[in-house]
Amino acid sequence: MGFWDSIAGLDPEQATLLSTIILVCGGGIGIIMGSWLFGGRVNDLRSALEKSRAAVEEYNDTISKKLLEMDEQMSATMEALNHLRSGMSDLRDEAQSQGNQLRNALKRHWYSIRDEIQKAAASPQIHGRTRTRYARFTNNEISALLDAMEMDQTIGQRLGSFRNAVELWVWHRNGRPQLTEADVQRMREIAIQTIPHYRPD
């Protein structure tokens, strides 16, 4: 009697038990063979995942450090820019203050010269009608007043200095070009030359 004949002669209960034993044995063999065949690959995959996770964490740490360094550098740069902006603002304020002082000094000397011209035009030595004509010239018409006094020969030797003062004032009246200390000093000297007992300061 062969093996298969013996199996065929089993009753249903014996056949079920035999099938169960065969399945259990087959499953155990399958597990053993699967572990033997794929166990190395699974370990390799787990190792690769661990390495990838470690690489990602290292990259994130590097990026975080770089971002922190960039933030510190940006903060330092902004602070330096703020200092520079503050310094430039101080310099601008100082230059503006100095410019205002120069302009005020120029005005002070010019107004004194203008008053001296108008005083000369109102001299009692000049004929009354002529003085009346001179009085019609406004503060902005000093150059025209000098022309009239020159034509009438009532201005004397100070005419050239007065004209230089008028030209210098007109040149800087509107704030251009940039006023310099040399220009202020020149107006001051004209005032000293043309106004008796002038005290500039």
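Predicted, not measured: the structure shown is a model, and the values here were computed from it.

### Here we look at the overall build of the protein chain
No. 1: For the protein chain, the count of helices and strands is 6 helices and 0 strands.
No. 2: The N-to-C order of helical and strand elements in the protein chain reads α-α-α-α-α-α.
No. 3: Taken over 201 residues, the protein chain has a buried fraction of 19%.
No. 4: Here the analysis covers contacts within the protein chain between residues at least 6 apart in sequence; of these, 58% occur between residues at least 24 apart.
No. 5: Of the roughly 15,400 Å² that the protein chain leaves accessible, carbon and sulfur atoms contribute 56%.

### Side note on helix α4 (residues 142-152)
No. 1: Among the residues of α4, Ile142, Leu145, Leu146, Ala148 and Met149 are the ones counted as buried. An end-on view of α4 places all buried positions within 160° of arc, on one side of the element.
No. 2: Immediately downstream of α4, the backbone of Gln153 shows phi near 55°, a positive value.

### Concerning the pattern of salt bridges
Where charged atoms from two side chains of opposite charge come close, those side chains can pair.
No. 1: Evaluation of the coordinates by the stated rule reveals 6 salt bridges.
No. 2: Asp152 serves as the salt-bridge partner of Arg133, at 2.8 Å between the closest nitrogen and oxygen. With a gap of 19 residues between them, Arg133 in helix α3 (residues 128-135) and Asp152 in helix α4 connect regions that are remote in the sequence.
No. 3: For Asp152, a relative accessible area of 30% translates into the label partly exposed.
No. 4: Notably, a salt bridge pairs Glu150 with Arg163, separated by 2.8 Å at the nearest N-O pair. Taken together, the residues Glu150 in helix α4 and Arg163 in helix α5 (residues 159-172) connect sequence positions 13 residues apart.
No. 5: For Glu150, a relative accessible area of 39% gives the class partly exposed.

### A word on the packing of aromatic side chains
Geometrically, a pair of aromatic rings is defined through the distance of the ring centres and the angle of the planes.
No. 1: Applying the stated criterion across every chain, the model contains 2 aromatic pairs.
No. 2: Aromatic side chains Trp110 and Trp169 sit 5.8 Å apart centroid to centroid with 10° between the ring planes, which places their arrangement in the stacked category. With Trp110 in helix α2 (residues 12-121) and Trp169 in helix α5, this residue pair connects regions lying 59 residues apart in the sequence.
No. 3: Taking relative accessible area as the criterion, Trp110 reaches 3% and is therefore assigned buried.
No. 4: We classify Trp169 as buried; its relative accessible area is 10%.
No. 5: What links up through ring pairs into an aromatic cluster is the set Trp110, Tyr111 and Trp169.

### Some details on the nonpolar core
No. 1: Within the largest apolar cluster, 29 residues are counted, with the highest numbers of intra-cluster contacts made by Trp110, Ile113, Ile117, Tyr134, Leu146, Met149 and Met187.
No. 2: When residues of this core are traced back to their parent elements, those giving at least two are α2, α4, α5 and α6 (181-194).
No. 3: Per-element accounting of this core gives the leading share, 8 residues, to α2.
No. 4: Apart from the residues lying within four places of it in its own chain, the contact partners of Met149 are Ile117, Ala120, Ala121, Tyr134, Thr154 and Ile155.

### As for the packing of α4 against α5
No. 1: Their axes nearest at 10 Å, the elements α4 and α5 cross at an angle of 165°. Here α4 lies roughly antiparallel to α5, going by the angle between them. Of the two elements, α4 crosses α5, and the hand of that crossing is left-handed. Of the residues in α5, those touching α4 at Ile142, Ser143, Leu146, Asp147 and Glu150 are Leu159, Phe162, Arg163 and Val166.
No. 2: Residue classes in the contact of α4 with α5 are distributed as 5 nonpolar, 1 polar and 3 charged.

Conventions used here
- Residues numbered from 1 in each chain as written.
- Predicted model: local features only at pLDDT ≥ 70, side-chain atom pairs only at ≥ 80, totals over all residues.
- Heavy atoms only, no water.
- Helix = DSSP H or I, 4+ residues; strand = E, 2+ residues; numbered from the N terminus.
- Buried < 20%, exposed > 50% of the residue type's maximum accessible area, 1.4 Å probe, protein only.
- Contact = heavy atoms within 4.5 Å.
- Areas by Shrake-Rupley, 256 points an atom, 1.4 Å probe, with all protein chains shown as cover.
- Arc of directions from axis to C-beta.
- Salt bridge = Lys/Arg side-chain N within 4 Å of Asp/Glu carboxyl O.
- Phe/Tyr/Trp six-rings, centres within 6.5 Å; stacked < 30°, edge-to-face > 60°.
- Core = buried A, V, L, I, M, F, W, Y, C linked by side-chain atoms within 4.5 Å.
- Axes fitted to C-alpha atoms, helices over the stretch in contact; angles between N-to-C directions.
- Parallel < 35°, antiparallel > 145°, perpendicular 65-115°, else oblique.
- Left-handed = near helix turned anticlockwise from the far one by under 90°.
- Nonpolar A, V, L, I, M, F, W, Y, C, P; charged D, E, K, R; others polar.

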